Amino acid sequence: MNIIEVRNVTKTYDGGEGLVTALGGVNLKVEEGEFLALVGPSGSGKSTLLSILGAINPPTNGEVIIDDINIYELSSERRADFRSEYLGFVFQQFQLIPYLTAIENVMLPLAITNRSTTEQREMAKAVLEKVGLGNKCERLPNQLSGGEQERVAIARAIVNHPPILFADEPTGALDTKTGQEIMDLFKTLNKEGQTIIMVTHNMDCLSYTGRAVFIRDGLLEKTEEYRKKVI
Amino acid sequence: MLFLVIGMVIGITTIVTLFTITKSMKIELGNKFDQIGANMLIIPKADKLTLSYGGVPVSGVSFDVKKIDSSAIDKIRTIKNKENIAVVSPKLLGGIKVNEKNALAIGIQFKNELRMKRWWKINTDAGKPEQFEAKPQRMEMKNTEVLLGSELAAKLDKKPGETVNIGDQSFTVRGVIQSLGSEEDNSILLDLTVAQEILNRPNMISMIEVSALCNTCPIEEIVAQISEKLPQTNVLAVKEAVEARKAVVDRFANFALAISVVVLLIGSLVVFLTMMGSVNERTREIGIFRSIGFRKVDVAQIILTEAAVVSILGGISGYLLGMVVAGSTAPLIAQMDLTIPWELNIAAGALGISVIVGLLASVFPAYQAAKLDPSEALRFI
């Protein structure tokens with residue numbers, strides 16, 4: 001069953017010297033439980049596509065249907081609720097809040113839910129243990145290594161149990177070994193049924209995914225399948 | 001944020017200092033004016049007005065038209081606002097000859113009159129004519145003693161310690177009052193009972209001066225209450241004293257208000273600029289909040305909560321510091337020995353103003369933060 005369906009999506013920007021086409025008519029289907037990589041060089045449009053899929057950047061034309069919801073027909077505030085309920089983001093460079101501890105960073109997405117602080121803390125603690133940081137909950141981001149910060153970012157993205165997880169260059173700021181550990185973590189999450197869409201230009205990461213979609217100049221160039229989806 | 005708290009503290013400190021000093025000045029000035037002298041005159045109702053005292057016409061001095069009975073003194077103490085009455089000083093006025101020279105005799109109750117006229121400078125030592133009684137209100141006077149006005153003393157060539165004669169009675173000059181530029185300068189002040197005997201007007205009074213503690217009372221009401229008790233008299237409020245007090249205090253209060261408004265405006269601007277700066281600095285952070293599902297209202301709430309916390313800290317610290325500054329600078333600013341009271345309502349006011357200013361100045365920054373486009377804020381995605 002398709003959890004995401006992208007229909008004829010285009011995106012043009014006013015680049016100062018006329019309109020710039022970032023995406024020129026993209027069609028894409030993502031199945032539930034899939035681990036998809038969006039691959040392409042800088043400026044290819046992959047990050048634009050990720051932001052459109054992530055319900056934060058309306059396309060110029062076309063539709064994005066997630067779980068039968070046409071997300072850009074929702075109002076801005078309803079779309080915020082949708083992001084809270086459906087999507088988890090692992091940003092480039094981790095993007096942790098520097099003055100909050102690891103557990104407080106992970107609790108952020110729960111802060112806007114009706115859960116009590118105790119429940120939020122328990123959930124955050126459980127997910128930090130899952131990513132192997134149960135003993136570093138009270139540390140500030142600058143007291144953690146790059147790999148650990150990435151794990152906190154992943155914990156923050158999945159603490160709400162979102163159906164879809166987006167990751168933007170998750171290994172970009174990490175050394176090879178740590179990058180592999182993080183990809184192992186993503187693979188484990190995917191095996192548990194988590195749908196993951198990852199933007200990368202690191203070809204070494206592709207073996208961890210099920211499918212890679214190559215983008216060039218705002219168009220889908222080709223698709224490579226590596227393994228069947230887990231569920 | 002630290003500088004924002006400091007800014008708020010300075011602003012609230014200034015306001016609390018000015019407000020507290022103004023308030024204390026009102027109380028102290030009120031007390032001072034009440035001490036200075038009469039703020040009401042009670043004179044008989046009369047058709048003919050012949051002499052004046054203190055700028056107020058006094059009837060019957062020459063012609064014995066009407067008098068007030070001594071019982072009026074006690075009646076004044078029975079009005080509803082009797083606790084506001086500070087000093088009641090009855091007077092009997094009449095023309096007499098002192099050492100064969102014409103003079104105005106003013107019969108007074110020394111204790112009450114001196115309590116009311118505590119600014120009088122009375123020389124009691126003939127050897128030291130420039131030295132005056134430090135506290136005339138504490139002087140104990142006998143009924144065989146008199147005070148002389150400066151002009152009369154010069155006319156009679158009498159100094160403290162010497163004696164003067166009225167008819168066949170002789171009196172010791174206890175002191176000479178330094179020139180006041182009023183009727184007292186050419187007067188002899190003697191005990192009321194003695195004056196009543198000499199002038200042959202037993203139990204009679206020409207006028208009564210009343211000093212009321214009017215910091216807490218409406219003087220017009222007291223005037224009405226006394227008029228009711230003493231229907232045969234005219235009760236006049238000496239409005240000038242009251243008005244003067246009000247004018248002085250009001251002028252400082254207006255000044256303090258103007259400064260406070262300027263400080264509040266500057267404070268608002270500081271909060272506004274700091275919060276706008278904070279929002280701009282945290283664009284990416286706000287983008288993260290928005291992309292993980294925070295609504296616009298959630299983001300605005302974060303900014304406003306921060307402003308409220310800063311304002312509360314600033315308000316409390318500003319109040320405490322303001323009280324300390326007021327306590328130490330009040331004597332310099334107001335030129336008075338002020339008591340600075342710790343009051344809950346001033347603390348609440350300082351906190352309230354701080355929070356209101358902090359929140360109002362943060363509304364636009366909060367709005368700006370809330371309407372940040374998450375994709376713009378996270379341009380790197």
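Criteria and thresholds
- Residues numbered from 1 in each chain as written.
- Chains lettered and ligands numbered in written order.
- Predicted model: local features only at pLDDT ≥ 70, side-chain atom pairs only at ≥ 80, totals over all residues.
- Heavy atoms only, no water.
- Helix = DSSP H or I, 4+ residues; strand = E, 2+ residues; numbered from the N terminus.
- Rg over C-alpha atoms; globule rule 2.2 N^0.38 Å.
- Contact = heavy atoms within 4.5 Å.
- Areas by Shrake-Rupley, 256 points an atom, 1.4 Å probe, with all protein chains shown as cover.
- Lys, Arg positive; Asp, Glu negative; His and termini not counted.
- Charge placed at Lys NZ, Arg CZ, Asp CG, Glu CD.
- Pairing = 2+ DSSP bridges.
- Axes fitted to C-alpha atoms, helices over the stretch in contact; angles between N-to-C directions.
- Parallel < 35°, antiparallel > 145°, perpendicular 65-115°, else oblique.
- Left-handed = near helix turned anticlockwise from the far one by under 90°.
- Nonpolar A, V, L, I, M, F, W, Y, C, P; charged D, E, K, R; others polar.
- Salt bridge = Lys/Arg side-chain N within 4 Å of Asp/Glu carboxyl O.
- Buried < 20%, exposed > 50% of the residue type's maximum accessible area, 1.4 Å probe, protein only.
- Buried area = accessible area lost by both parts, 1.4 Å probe.
- Polar contact = N/O pair within 3.5 Å; in protein donor to acceptor, adjacent residues only side chain to side chain.

A.B. asks: So what's going on with the overall build of chain A? Residues and values would help.
C.D. replies: In terms of helices and strands, chain A carries six helices and ten strands. By the compact-globule yardstick of 17 Å for 231 residues, chain A fits well, its C-alpha radius of gyration being 17 Å. Along the first, second and third principal axes, the C-alpha set of chain A runs to 50 × 40 × 40 Å. Counting contacts in chain A only where the partners sit at least 6 residues apart, residues at least 24 apart contribute 67% of the total. Of the roughly 10100 Å² that chain A leaves accessible, carbon and sulfur atoms contribute 46%. For chain A, the distance from the average site of its 24 positive side-chain charges to the average site of its 31 negative ones is 3 Å.

A.B. asks: Any details on the sheet that holds strand E4 (residues 61-66) of chain A? Residues and values, ideally.
C.D. replies: All names here are of chain A. Pairing is antiparallel across the open sheet formed by four strands, whose spatial order is E2-E1-E4-E5. Bordering the open sheet on either side are strand E2 (19-31) and strand E5 (69-70), each of which pairs with just one other strand. As paired elements, E4 and E5 share two bridges and run antiparallel to each other. Within E5, the position partnered with Ile 66 by the bridge is Ile 69.

A.B. asks: Which residues make up the pairing of strand E1 (residues 2-14) of chain A, and what values do they have?
C.D. replies: Two faces belong to every sheet, and in a regular strand the side chains alternate between them. Residue and element names in this part refer to chain A. In terms of strand pairing, E1 meets E2 through ten bridges, oriented antiparallel. Residue Tyr 13 lies in a different strand from E2, and its bridge partner there is Val 20. Linking two consecutive strands that pair antiparallel, namely E1 and E2, is a turn of four residues; a positive phi of about 90° is found at Gly 16 within it. Where E1 lies against E4, five bridges are found, and the strand directions are antiparallel. Its bridge partner lying in E4, Thr 10 is registered against Asn 61.

A.B. asks: Which residues make up unusual backbone geometry, and what values go with them?
C.D. replies: Here the phi dihedral of Phe94(A) falls at roughly 65°; this positive angle occurs in a residue that is not glycine. Locating Phe94(A) in the fold gives a position in the loop between strand E6 (87-90) and helix H3 (102-111). Despite not being glycine, Asn200(B) has its phi angle at roughly 60°, a positive value. By secondary structure assignment, the location of Asn200(B) is in the loop between helix H5 (192-198) and strand E12 (204-205).

A.B. asks: So what's going on with the packing of helix H5 (residues 146-158) of chain A against helix H6 (residues 176-191) of chain A? Which residues, and what values?
C.D. replies: Residue and element names in this part refer to chain A. One can describe the packing of H5 onto H6 by two numbers: an axis separation of 10 Å at closest approach and a directional angle of 20°. By the criterion of interaxial angle, the relationship of H5 to H6 is roughly parallel. The interaxial crossing formed by H5 with H6 has right-handed handedness. Two secondary-structure elements touch here, H5 through Gly 147, Glu 150, Arg 151, Ile 154 and Ile 158 and H6 through Thr 178, Glu 181, Ile 182, Leu 185, Phe 186 and Leu 189. Among the residues making up the contact of H5 with H6, the classes are represented as six nonpolar, two polar and three charged.

A.B. asks: Can you break down the pattern of salt bridges residue by residue, with the values?
C.D. replies: All names here are of chain B. Enumeration over the complete set of coordinates arrives at 22 salt bridges over all chains. Here Glu 209 and Lys 91 are joined by a salt bridge, their closest N and O atoms 2.4 Å apart. Of this pair, Glu 209 sits in strand E13 (residues 207-212) while Lys 91 is found in strand E5 (residues 85-98), placing the two residues 118 residues apart along the sequence. Residue classification places Lys 91 among the buried positions, given a relative accessible area of 0%.

A.B. asks: I'd like to hear about the interface of chain A and chain B, residue by residue, with values.
C.D. replies: On the side of chain B, 20 residues touch chain A, which itself brings 24 residues to the contact. Both sides together, the interface formed by chain A and chain B hides about 2000 Å², and carbon and sulfur atoms give 62% of it. With a closest N to O distance of 2.4 Å, Arg295(B) and Asp81(A) form a salt bridge. Applying the counting rule to chain A against chain B returns five residue pairs in polar contact (both at pLDDT 80 or more). Within the residue set of the side of chain A that touches chain B, elements represented by two or more residues are helix H1 (46-53), helix H2 (76-86) and H3 of chain A. By residue number, the principal contributor to the side of chain A that touches chain B is H2(A), which donates six residues. For the side of chain A that touches chain B, the residue count by class is eleven nonpolar, eight polar and five charged.

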